[in-house]
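Tertiary structure, described
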Amino acid sequence: MPGLIDRYRARLPVGPATPIISLGEGSTPLLAAPRLSELLGVDLHLKLEGANPTGSFKDRGMTLALSKAAEDGARTVICASTGNTSASAAAYAARAGIRCVVVVPGGKVALGKLAQAQAAGAVVCAIDGSFDDGLRLVLELCERHPITLVNNLNPYRLEGQKTAAFEIVEELGVPDWLALPVGNAGNITAYHRGFREAVAAGDAAQCPRLLGCQAAGAAAMVRGVDIGDPETIATAIRIGAPIRRDEAVRAARESEGAFVAAADEEILEWYGRVSVLEGVFCEPSSATSLAGLARARADGTVEEGARVVCVLTGHGLKDPETATAHSAPTLRSPATLAALERIALG
Ligand code: AN7
């Protein structure tokens, strides 16, 4: 499969002179989930965005952002990040031969994501502050210096991310609902744009209803106000001031969708279930889409039998610490047949 710029070139803002910085992103699996479908009373499909090259949906936007940065002759790119954006920016900047600086909230980024940014040779800076603090500082740096911002305020990010909606429509048609985790609300904005471009004449009535799912401790969209001190085990979406709030409100309204919050315990419950029942290992933030869908089923927002696509935004390997802390412990055994027999036969 080609990268997504080659696949969707005609619908993306690239020209013949744009150097294509790609790691073969996009074209991710859309997997039927029969056991979770039965549990939730819907026809559920999972969009496995963890199958992207750096293990998250961020690669869709980053291939375009770095291609345009390279076209513009950028020397340095920068982002604030809860982790996945930094891993993706670092990899695509490495591919482009451009210097990359990432600013992350100290102690609040999953291990795998930090390791990726470090391995790709980015300058990784942990601040004593939140993601929202980091973003404020990075924006100021970009105002003062010739540094290219690759947070989702960079318009090319959303242009790349909208291609996930194209893939879903091509493969499955238009689902009734699309559920996804929401932090900065960039991805929900991108899906809304992508679906409108994919359906006939941009008819909003033909788009899926968008279900924006948040962690209860960082539910700035659900509550309608920014949150000064966001907290959740789903560190990717530990964000208090969504950058794309206004567009996301419009996306939910125009699609007749909704925002919903789920507690950390519910997020962990669905994080475990999707692994054990479907064999799909996603990061905790991604399972927020399932926890939110369960809430929306319980209160009748999502109707029985609806066709739903849940976007699993990041791979489970991103956060090995949460995986090991919330699964059955490894058994220890002497290296003898008798001991192993007892364990294997249960
Ligand atoms: C796995 O990496 O904001 O609502 O700095 O990593 O578009 O912000 C990550 C966000 C969902 C939320 N799922 O998407 C970052 C960052 C995962 C994520 C989101 C993120 P947006």
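Before reading further, recall that the structure is shown in the block above.
Everything in this summary refers to the structure shown in the same document. Sequence order sets the numbering: in each chain, residues are counted from 1 along the sequence as written. In keeping with the model being predicted, local features are shown solely for residues with a pLDDT of at least 70 and side-chain atom pairs are shown and tallied solely at 80 or more, while totals for entire chains, interfaces and linings include all residues. Computation of side-chain values: all heavy atoms of the structure, hydrogens and water removed.

This paragraph deals with the nonpolar core. Residues Leu 44, Leu 46, Leu 211, Leu 290, Leu 293 and Val 302 are the most contacted members of the largest nonpolar core, which totals 35 residues. Counting residues per element, the ones that place at least two in this core are helix H2 (34–40), strand E2 (43–48), strand E7 (177–181), strand E8 (209–215), strand E9 (258–262), helix H12 (264–278), helix H13 (284–298) and strand E10 (307–312). Element by element, the count of residues in this core is highest for H13, at six residues. Note on definitions: a residue-residue contact is assigned when non-hydrogen atoms from the two residues lie within 4.5 Å. Excluding anything up to four places from it in sequence, Leu 44 contacts Leu 31, Ala 32, Ala 33, Leu 36, Ser 37, Leu 290, Leu 293, Val 308 and Cys 310. Leu 180, Ala 185, Leu 210 and Val 311 belong to the second-largest nonpolar core, a separate cluster that totals 21 residues. Here, nonpolar core means buried Ala, Val, Leu, Ile, Met, Phe, Trp, Tyr and Cys residues that are tied together by side-chain atoms lying within 4.5 Å of each other. To sort residues, take the accessible area from a 1.4 Å probe on protein chains only and compare it with the maximum for the residue type: under 20% means buried, over 50% means exposed, and anything in between is partly exposed. In this text, helices come from DSSP runs of H or I with a minimum length of four residues, and strands from runs of E with a minimum of two, each type numbered from the N-terminal end.

Ring geometry is summarised as follows: Phe, Tyr and Trp rings, the Trp one being its six-membered ring, pair when their centres sit within 6.5 Å, and such pairs are stacked at plane angles under 30 degrees, edge-to-face over 60 and tilted between the two. Tallied over the full model, the rule gives two aromatic pairs. Between the aromatic rings of Tyr 8 and Phe 166, the centroid separation amounts to 5.2 Å while the plane-to-plane angle is 65°, which identifies the pairing as edge-to-face. With Tyr 8 in helix H1 (residues 4–8) and Phe 166 in helix H8 (residues 163–172), this pair connects stretches of sequence that are 158 residues apart. A single burial state applies to Tyr 8 and to Phe 166, both of which are buried. A ring is scored as having a charge over it whenever the NZ atom of a lysine or the CZ atom of an arginine sits within 6 Å of its centre and within 35 degrees of its normal. We note Arg 273 situated over the ring of Trp 270; from NZ or CZ to the ring centre the distance is 4.6 Å.

Positive phi outside glycine occurs at Ser 27, with the angle close to 50°. Within the secondary structure, Ser 27 sits in the loop between H1 and strand E1 (30–32). Assessed through its relative accessible area of 23%, Ser 27 is described here as partly exposed. With phi around 70°, Ala 185 is a residue other than glycine that occupies positive phi space. Take Ala 185: it is sitting in the loop between E7 and helix H9 (186–198).

Quick look at the side chain of Glu 278 now. In this fold, Glu 278 is placed in helix H12. An unpaired buried charge is present at Glu 278: no salt bridge exists, and Arg 35, the closest side chain of opposite charge, is 4.9 Å distant. Contacts described as polar in this section are N or O atom pairs within 3.5 Å, which, within protein, must combine one atom able to donate a hydrogen with one able to accept it, while residues neighboring in sequence count only if both atoms come from side chains. Side-chain polar atoms of Glu 278 contact the backbone nitrogen of Leu 36, separated by 2.9 Å. Residues in contact with Glu 278, not counting those within four places in the same chain, are Ala 33, Pro 34, Arg 35, Leu 36 and Arg 273. Within this scheme the basic residues Lys and Arg register as positive and the acidic residues Asp and Glu register as negative, but His and the chain ends are omitted. A pair is scored as a salt bridge if a Lys or Arg side-chain nitrogen falls within 4 Å of a carboxyl oxygen belonging to Asp or Glu.

Turning to the site of the ligand, a few remarks are in order. The full set close to the ligand counts 20 residues, and Asn 84, Thr 85, Gly 183, Asn 184 and Thr 313 are the nearest of them. One of the backbone nitrogen or oxygen atoms of Thr 85 is found 2.8 Å away from an oxygen atom of the ligand. Burial of the ligand by the protein chains amounts to 99% of its free accessible area of 480 Å². Listed by contribution, the elements that provide at least two residues to the shell around the ligand are helix H4 (84–96) and H9. Each residue is tested against the molecule or strand, and it is near if at least one of its non-hydrogen atoms lies within 4 Å. Per-residue and other accessible areas were derived by the Shrake-Rupley procedure at a 1.4 Å probe size, with only the shown protein chains allowed to occlude residues.

This part is about the sheet that holds E8. Strands qualify as paired when DSSP identifies two bridges or more between them. Judged by pairing direction, the sheet is mixed, and its six strands sit side by side in the order E1-E2-E10-E7-E8-E9 without closing on themselves. Of all strands in the sheet, those with a lone pairing partner are E1 and E9, marking the two edges. Shown here is a sheet whose adjacent strand axes are inclined to one another by a mean of 25°, direction ignored. Two strands pair when backbone bridges link them, and E8 and E9 are joined in this way by five bridges, in the parallel orientation. Considered in E9, the bridge of Ala 215 is made with Ala 262. Against the sheet, H8 contacts E1, E2, E7 and E10, and its axis sits at roughly 135° relative to E2. Angular values range over 0 to 180 degrees, each being the angle between N-to-C directions of two axes fitted as lines to C-alpha atoms, with helices fitted over their stretch in contact.

All of the buried residues in helix H5 (residues 111–119) are Gly 112, Lys 113 and Ala 117. Projected down its long axis, H5 shows its buried positions confined to an angular sector of 135°, all on one face. Facing away from the buried side of H5 by more than 90 degrees, the exposed set consists of Gln 118 and Ala 119. Buried residues along H5 sit against H4, strand E4 (99–105), strand E5 (123–127) and helix H14 (320–325). Gly 121 sits one or two positions beyond H5 and adopts a positive phi of about 85°. Working note: the arc is built from the helix axis to C-beta atom directions.

What follows is about the pattern of salt bridges. Applying the stated criterion to the full structure yields 22 salt bridges. Where Arg 193 meets Glu 159, a salt bridge forms, and the shortest distance between an N and an O atom there is 2.6 Å. On the criterion of sequence distance, the pair formed by Arg 193 in helix H9 and Glu 159 in helix H7 (residues 155–161) is long-range, its members being 34 residues apart. Given the relative accessible area of 21%, Arg 193 is considered partly exposed. Salt-bridge contacts for Glu 269 lead to Arg 273; the nearest nitrogen and oxygen are separated by 3.1 Å. Of this pair, Glu 269 and Arg 273 both sit in helix H12, four residues apart, which is roughly one turn of that helix. Among the residues examined, Glu 269 registers a relative accessible area of 38% and is labelled partly exposed. Since its relative accessible area comes to 28%, Arg 273 is described here as partly exposed.

This paragraph deals with the pairing of E7. Burial runs high along E7: five of the five residues are buried. Residues Trp 177, Ala 179 and Pro 181 point to one face of E7 and Leu 178 and Leu 180 to the other, with burial holding for every one of them. In terms of strand pairing, E7 meets E8 through five bridges, oriented parallel. Looking at E8, one finds that Leu 178 is bridged to Leu 210. Taken together, the three bridges between E7 and E10 define a ladder with parallel strand orientation. The residue bridging Ala 179 from the neighbouring strand is Cys 310, located in E10.

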